[in-house]
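If you want the building blocks of each chain, they are given just below.
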Amino acid sequence: MSATTLDPKTALVVVDLQKGITGLPTAHPSADVVAHAATLADAFRAKGLAVVLVRVTGGAPGRTEGPARSGQPAADWADIVPELGPQEGDIVVTKLTWGAFYGTDLDLQLRRRGVTQVVVAGIATSIGVESTARSAYEHGYNVTVATDAVTDMSAEVHDNSIERIFPRLGETGTTDAIIKLLG
């Protein structure tokens, strides 16, 4: 489904577009994802709507079968990419898990501003973006995912999220379509 409407109090939530993650190999060029997210951020700011920049600085505890990260990340690993800011008035959320809601004050920040809908962008589609979209849906927000402002390390899992998961959580649309809905 293509995005049909945006609530008057919609926030843009940009997940993990930080130096350490945008430098990883992705299914779609991360520079394109960053450019689309920056275009969305500029449009939201111009309309006086909230822009949330989320960055990850750690990982959830617990055993997994997947490989553990090794080595010390670069000092600027968690820095938001310069194309996005942050700019004055932006909300910056630091998380330690996949999703932007768990263990952060994101829900409180959004509710204080009367936000009823979120547009989600970022990397990785099947991890941080999907976890954030799922949690937003569970918190009662209307959810829209900017399909050209997300990517993953795997095209297959990216496509699964876009085609099968996000339509069950809300709506999807391109950057241009979302900006048109902003009016």
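Refer to the structure above for everything that follows.
Here is what the cut-offs are and how they apply
Residues numbered from 1 in each chain as written. Predicted model: local features only at pLDDT ≥ 70, side-chain atom pairs only at ≥ 80, totals over all residues. Heavy atoms only, no water. Salt bridge = Lys/Arg side-chain N within 4 Å of Asp/Glu carboxyl O. Helix = DSSP H or I, 4+ residues; strand = E, 2+ residues; numbered from the N terminus. Buried < 20%, exposed > 50% of the residue type's maximum accessible area, 1.4 Å probe, protein only.

This part takes up the pattern of salt bridges. In this structure the tally under the stated criterion is 6 salt bridges. A salt bridge links Asp16 to Lys95, with the nearest nitrogen and oxygen atoms 3.1 Å apart. Taken together, the residues span a long stretch of sequence, with Asp16 in the loop between strand S1 (10–15) and helix H1 (19–22) and Lys95 in strand S3 (residues 91–95) at a distance of 79 residues. Overall, the relative accessible area of 2% leaves Lys95 in the buried class. Here Arg45 and Asp42 are joined by a salt bridge, their closest N and O atoms 3.4 Å apart.

Quick look at unusual backbone geometry now. A cis amide bond, omega 10°, links Gly85 with the succeeding residue Pro86. Residue position: Pro86 is located in the loop between strand S2 (51–56) and S3. Geometrically, the link from Ile123 to Ala124 is a cis peptide bond, its omega value of 5° lying close to zero. Of note, Ala124 is situated in the loop between strand S4 (117–123) and helix H4 (125–138). Of note, the phi angle at Asp16 is positive, near 60°, even though the residue is not glycine. Since its relative accessible area comes to 5%, Asp16 is described here as buried.

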